[in-house]
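A structural walkthrough
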Amino acid sequence: MASAAAAATGAPARASFALKQAQVPVSKISNVRSVSLPIGGRSFPSLKARRFQVSCAAKKETVDKVCQIVRKQLALPDDASVTGESKFANLGADSLDTVEIVMGLEEEFGISVEEESAQSITTVQEAADMIEKLIEK
């Protein structure tokens, strides 16, 4: 509602909203397709899973081992910077290289990666997270 003072002075009416920090219960979530957030009694459209990602960081040892495997598979020099955030494509990997990286990870960690999962891995961190998830099962 416009205030009487704003109407009398000709100033544009301004709405003010106060957002309160919502406390959301934390629980184990799997296979999330969408998330809906109620704020201040109002409901907002769901966030699609493609835009909302919850990441559980893999252990440093796993990330380091994945970095070593990626460096070896791509024949990168020892001083080449390979971190959890490194994208395979930025390191010079093509689709065949990525397949070879995944095969090296399967052999090193004693896991089996489904083709669909293998195609979605683009960074060292994603590979390390996937490995720990598969080892956990």
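Criteria and thresholds
- Residues numbered from 1 in each chain as written.
- Predicted model: local features only at pLDDT ≥ 70, side-chain atom pairs only at ≥ 80, totals over all residues.
- Heavy atoms only, no water.
- Helix = DSSP H or I, 4+ residues; strand = E, 2+ residues; numbered from the N terminus.
- Contact = heavy atoms within 4.5 Å.
- Expected span 1.5 Å × (residues − 1).
- Buried < 20%, exposed > 50% of the residue type's maximum accessible area, 1.4 Å probe, protein only.
- Arc of directions from axis to C-beta.
- Polar contact = N/O pair within 3.5 Å; in protein donor to acceptor, adjacent residues only side chain to side chain.
- Core = buried A, V, L, I, M, F, W, Y, C linked by side-chain atoms within 4.5 Å.
- Salt bridge = Lys/Arg side-chain N within 4 Å of Asp/Glu carboxyl O.

This part covers the overall build of the protein. Tallying secondary structure elements over the protein gives five helices and four strands in all. Within the protein, counting contacts between residues at least 6 apart in sequence, those at least 24 apart form 50% of the total.

Here we come to helix 3 (residues 95-109). Taking 1.5 Å of rise per residue, the 15 residues of helix 3 would be expected to cover 21 Å, and the 21 Å separating its terminal C-alpha atoms lies within 8% of that figure. Restricting attention to buried positions, one finds in helix 3 the residues D97, T98, I101, V102, G104, L105 and F109. Projected down its long axis, helix 3 carries its buried residues within an arc of 160°, all on one side. The exposed set on the far side of helix 3, more than 90 degrees from its buried face, consists of L96 and E107. Tucked into the core, helix 3 has its buried residues touching helix 2 (60-73), helix 4 (115-120) and helix 5 (124-136). You can read the cap of helix 3 off the contacts: a side-chain oxygen lies 3.1 Å from the backbone nitrogen of L96, and it is on D94.

Of all hydrophobic cores here, the largest spans 25 residues; its most connected members are V66, V70, F88, L105 and V124. Breaking this core down by element, the ones donating at least two residues are helix 2, helix 3 and helix 5. The contact partners of V66, leaving out residues within four places of it in the chain, are L105, F109, V124, A127, A128 and I131.

For the rest of this paragraph, the subject is the environment of V82. By the secondary structure assignment, V82 is in the loop between helix 2 and helix 3. Other than its neighbours up to four places away in sequence, V82 contacts C67, V70, R71, L76, L91 and V124.

This next bit is on the pattern of salt bridges. Evaluated as defined, the whole model comprises two salt bridges. In this structure, D64 engages K60 in a salt bridge whose closest nitrogen and oxygen atoms are separated by 2.7 Å. With D64 and K60 both in helix 2 and four residues apart, the pair spans about one turn of that helix. Residue class for D64 comes out partly exposed when judged on its relative accessible area of 33%. Between K65 and E108 there is a salt bridge; the shortest N-O distance is 3.1 Å. Taken together, the residues K65 in helix 2 and E108 in helix 3 connect sequence positions 43 residues apart. Given the relative accessible area of 42%, E108 is considered partly exposed.

Treat this as a map of the structure, not an account of what it does.
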